[in-house]
Amino acid sequence: MTAPEILPRRRIAGVIAVWVVAALVPLAVGVFVEPDWRGAWLLVGFGLCFFVAFAVQLASGRSQGFIVRIAASVLGALAVMGLLGAGFALAELLAGF
């Protein structure tokens, strides 16, 4: 027999928290890293987002939908980091003209 949850936790908040981290990482990489090393550091930042996604979802304490929440967190982080990374690449390209 399972006990009902008294106060269910929000599932989407953990996913959005990972997306916020994924938005902050490219901004920090774009500001503090020289252009030749930005690609490598973005990969390191994506790895960080992967571990943050696991930590946040494990801390939530819910097993239902765990894989779906991890997938949403990681794929959203990839999209956010890709868009911001492409923005920095475009800015670097336009700065050369």
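Per chain, the residues get numbers from 1 upward, laid out in the order the sequence is written. In view of the model being predicted, local features appear only for residues whose pLDDT reaches at least 70, and side-chain atom pairs are presented and counted only at 80 or more, with totals across whole chains, interfaces and linings using the full set of residues. In computing side-chain values, all of the structure's heavy atoms are included and hydrogens and water are not.

## Here's the deal with a nonpolar patch on the surface
Piece 1. Grouping into patches uses exposed residues only, defined as over 30% relative accessible area, and leaves out salt-bridged ones; the cut-off is 9 Å for like charges and 5 Å for nonpolar side chains (Val, Leu, Ile, Met, Phe, Trp, Tyr). Shrake-Rupley sampling with a 1.4 Å probe provides the accessible areas, and residues are treated as covered by the protein chains on show and by no other component. Salt bridge, as applied in this entry: a Lys or Arg side-chain nitrogen positioned within 4 Å of an Asp or Glu carboxyl oxygen. There is a patch of nonpolar side chains on the surface, built from Ile 12, Ile 16, Trp 19, Val 20, Leu 24 and Leu 27 and spanning about 520 Å² of accessible area.
Piece 2. Tracing the chain through its elements places Ile 16 in helix α1 (residues 12–32). Helix numbering and strand numbering both begin at the N terminus, where a helix is a DSSP run of H or I of at least 4 residues and a strand a DSSP run of E of at least 2.

## Some remarks on the nonpolar core
Buried together is how nonpolar side chains tend to be arranged in soluble globular proteins.
Piece 1. By convention a nonpolar core is built from buried Ala, Val, Leu, Ile, Met, Phe, Trp, Tyr and Cys residues, the set being connected through side-chain atoms within 4.5 Å. Only protein chains enter the accessibility calculation, which uses a 1.4 Å probe; a residue is then buried when its area is under 20% of its type maximum, exposed when over 50%, and partly exposed in between. In this structure, Val 18, Ala 22, Val 25, Val 29, Val 33, Cys 49, Ala 53, Phe 66, Ile 70, Val 74, Ala 77 and Met 81 together form the largest nonpolar core, which totals 12 residues.
Piece 2. Of all the elements in the fold, those that place two or more residues in this core are α1, α2 (38–60) and α3 (66–95).
Piece 3. Here this core gets 5 residues from one element, more than from any other, and that element is α3.
Piece 4. With residues near it in sequence (within four places) discarded, Val 33 still touches Ala 28, Arg 38 and Trp 41. Should any heavy atoms of two residues lie within 4.5 Å, those residues are counted as being in contact.

## Points about the packing of α2 against α3
Piece 1. Orientation is described by axes fitted as lines to C-alpha atoms, over the contacting stretch for helices, and by angles from 0 to 180 degrees between their N-to-C directions. It is at 10 Å that the axes of α2 and α3 come closest, and there the two elements cross at 155°. It follows that α2 is roughly antiparallel to α3 by the angle criterion. Once α2 is placed against α3, the crossing between them reads as right-handed. Every residue of α3 that contacts α2 at Arg 38, Leu 42, Gly 45, Phe 46, Cys 49, Phe 50, Ala 53, Phe 54, Gln 57, Leu 58 and Ser 60 is listed here: Phe 66, Arg 69, Ile 70, Ser 73, Val 74, Ala 77, Leu 78, Met 81, Gly 85 and Glu 92.
Piece 2. Put simply, Ala, Val, Leu, Ile, Met, Phe, Trp, Tyr, Cys and Pro go in the nonpolar bin, Asp, Glu, Lys and Arg in the charged bin, and everything else, Gly too, in the polar bin. Residue composition of the contact of α2 with α3, grouped by class: 13 nonpolar, 5 polar and 3 charged. For this classification, under 35 degrees means roughly parallel, over 145 means roughly antiparallel, 65 to 115 means roughly perpendicular, and everything else is oblique. Here is the rule for handedness: rotate from the far helix to the near one, and if that takes an anticlockwise turn smaller than a right angle the crossing is left-handed, while a clockwise turn gives right-handed.

## Some remarks on the packing of aromatic side chains
Centre distance and the angle of the planes are the two values used to describe a pair of aromatic rings.
Piece 1. Two aromatic rings from Phe, Tyr or Trp, using only the six-membered ring of Trp, form a pair when their centres are within 6.5 Å; if the ring planes differ by under 30 degrees the pair is stacked, by over 60 it is edge-to-face, and anything between is tilted. In total, this model carries 3 aromatic pairs according to the counting rule given.
Piece 2. Seen from their ring centres, Phe 50 and Phe 51 are 6.0 Å apart, and the 75° between their planes marks the pair as edge-to-face.
Piece 3. Exposure remark for Phe 50: the relative accessible area of 35% places this residue in the partly exposed category.
Piece 4. Its relative accessible area of 60% is what places Phe 51 among the exposed residues.
Piece 5. Connected via pairs of aromatic rings, a cluster forms that spans Phe 50, Phe 51, Phe 54 and Phe 66.

## Things to note about α3
Piece 1. For α3, spanning 30 residues, the distance from its first C-alpha to its last is 43 Å, which sits close to the expected 44 Å at 1.5 Å a residue.
Piece 2. Every buried residue of α3 is accounted for by Phe 66, Arg 69, Ile 70, Ser 73, Val 74, Gly 76, Ala 77, Met 81 and Gly 85.
Piece 3. Buried positions along α3 lie against α1 and α2. In this analysis, the expected span of each helix is defined as 1.5 Å times one less than the number of residues it contains.

## Remarks on α2
Piece 1. For α2, built from 23 residues, the straight-helix expectation of 33 Å at 1.5 Å per residue is met to within 8% by its first-to-last C-alpha distance of 32 Å.
Piece 2. Considered for burial, the residues of α2 that qualify are Arg 38, Gly 45, Cys 49, Ala 53, Gln 57 and Ser 60.
Piece 3. Residues of α2 that are buried sit in contact with α1 and α3.
Piece 4. Residue Gly 61 follows α2 closely and has a positive phi angle near 80°.

## Brief notes about the packing of α1 against α2
Piece 1. Their axes nearest at 9 Å, the elements α1 and α2 cross at an angle of 160°. Compared by their axis directions, α1 and α2 come out roughly antiparallel. Seen from above, α1 lies across α2 with right-handed handedness. Residues Gly 14, Val 15, Val 18, Val 21, Ala 22, Val 25, Pro 26, Val 29 and Gly 30 of α1 pack against Arg 38, Trp 41, Leu 42, Gly 45, Leu 48, Cys 49, Val 52, Ala 53, Val 56 and Gln 57 of α2.

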